[in-house]
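As a plain string of letters, each chain reads:
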Amino acid sequence: KRVGVLISGSGTNLQALIDHTLDPHKGSLAEIAIVISNKEGVEGLKRAERAGIPTKVISHKAFPTREAFDTAVMKELDLMNVEIVCLAGFMRILSPAFVTHYRGRLINIHPALLPSFKGADAHQQALEAGVRYTGCTVHFVEVEVDAGAIITQEAVPVEIGDTLEVLQERVKTYEHKSYPRALELLARNKVSLDTSNGKAIWNL
Ligand code: GRF
């Protein structure tokens, strides 16, 4: 399956997806066809380039509306015959038209155990709530942000005295295992989205 990855930053999850899909021992059914960033010069683009994967910068600032930006991204993905879209630290909210176009083939990773701690400051919320476990979730993307049927989750302990940075780093090590697993489940049709009710259909 041809995969497009959308990023905005450091791209450590992208790196995990690259390492997984390019490892001949893994026999992955997924192949990253393009990496698109809405920000130029970010480390994630360099990671893709080092792996010989085509990249494209599409700056949201170059478009008058969210819809116009999304249409440009959609055009590029469809041009590359992308079948699955992975959001990996992509910091733009996608319009309903985009989400509908790729519904069931569009997945995201969130650094918390959804439905807890939605939004951009998940680790801050976890620390403030005083939970002893947080984690990460890979889920199908729906129009509602950080909603959508869950594909994989990992629980990660919060240690007493954790700072934001320490917790974020610990959760990321789990993200890097969870995202390739989720992508592989989708690429192998082991999971799909029932678009009539938004629930996952498992076929293990
Ligand atoms: C990750 O924590 C991910 O869960 C969140 O954004 C972060 C991206 O990190 N959606 P990276 O760019 O993959 O290192």
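Values in this document were obtained by computation on a predicted structure and should not be read as measured data. (Residues numbered from 1 in each chain as written. Predicted model: local features only at pLDDT ≥ 70, side-chain atom pairs only at ≥ 80, totals over all residues. Heavy atoms only, no water.)

*Asks:* Help me understand the environment of R105 in this model?
*Replies:* Among the secondary structure elements, R105 is positioned in the loop between α4 (96–101) and β5 (106–110). Look at R105 and you get partly exposed, because its relative accessible area is 28%. Taking the C-alpha atoms as reference points, R105 and V73, separated by 32 residues in sequence, lie 15 Å from one another. Excluding residues within four positions of it along the chain, R105 makes contact with V82, E83, I84 and V85. Only 3.0 Å separates the side chain of R105 from the backbone oxygen of E83, close enough to count as a polar contact. (Helix = DSSP H or I, 4+ residues; strand = E, 2+ residues; numbered from the N terminus. Buried < 20%, exposed > 50% of the residue type's maximum accessible area, 1.4 Å probe, protein only. Contact = heavy atoms within 4.5 Å. Polar contact = N/O pair within 3.5 Å; in protein donor to acceptor, adjacent residues only side chain to side chain.)

*Asks:* Is there a simple way to explain the environment of I32 in this structure?
*Replies:* On the secondary structure map, I32 appears in strand β2 (residues 31–37). Given the relative accessible area of 8%, I32 is considered buried. Considering only alpha carbons, one finds I32 and P115, 83 residues apart in sequence, at a separation of 28 Å. Not counting residues up to four positions away in its chain, the partners in contact with I32 are V3, V5, L14, L17, I18, T21 and I53.

*Asks:* How should the sheet that holds strand β6 (residues 133–140) be read in this particular structure?
*Replies:* If you walk across this open sheet you meet the seven strands as β3-β2-β1-β4-β5-β6-β7, and the pairing is mixed. Unpaired on one side and paired on the other, β3 (55–57) and β7 (150–157) mark the two borders of the sheet. Mean inter-strand twist for the sheet, computed between neighbouring axes without regard to direction, equals 20 degrees. Two strands pair when backbone bridges link them, and β5 and β6 are joined in this way by four bridges, in the antiparallel orientation. (Pairing = 2+ DSSP bridges. Axes fitted to C-alpha atoms, helices over the stretch in contact; angles between N-to-C directions.)

*Asks:* Please explain the site of the ligand as it appears in this structure.
*Replies:* Around the ligand, the neighbouring residues are S10, G11, T12, N13, G89, I109, H110, P111, K172 and E175. E175 is positioned such that a nitrogen or oxygen atom in its side chain is 2.8 Å from an oxygen atom of the ligand. Considered on its own, the ligand offers 360 Å² of accessible surface; in the complex 86% of this is hidden by protein. Every element with two or more residues in the shell around the ligand is listed here: α1 (12–22), β5 and α6 (164–187). Grouping the constituent residues of the shell around the ligand by class yields two nonpolar, six polar and two charged. (Near = heavy atom within 4 Å. Areas by Shrake-Rupley, 256 points an atom, 1.4 Å probe, with all protein chains shown as cover. Nonpolar A, V, L, I, M, F, W, Y, C, P; charged D, E, K, R; others polar.)

*Asks:* Please explain the nonpolar core as it appears in this structure.
*Replies:* Across soluble globular proteins, nonpolar side chains show a tendency to be buried alongside one another. Residues V5 and C86 are the most contacted members of the largest nonpolar core, which totals 30 residues. Here this core gets six residues from one element, more than from any other, and that element is α6. With near-sequence residues (within four places) excluded, C86 lies in contact with V3, G4, V5, L6, L17, I107, Y179 and L183. By size, the runner-up hydrophobic cluster in this structure holds 20 residues, among which are V73, V82, V85 and Y102. (Core = buried A, V, L, I, M, F, W, Y, C linked by side-chain atoms within 4.5 Å.)

*Asks:* Teacher, can you tell me more about the pairing of β5 here?
*Replies:* Regular strands place their side chains on alternate faces of the sheet. Burial within β5 is extensive, with five of its five residues counted as buried. Side chains of β5 alternate between two faces, with L106, N108 and H110 and I107 and I109 buried alike. After leaving strand β4 (residues 84–87), the chain enters α4 and then returns to the sheet as β5, a path that is right-handed. (Right-handed = clockwise from strand over helix to strand, strands pointing away.)

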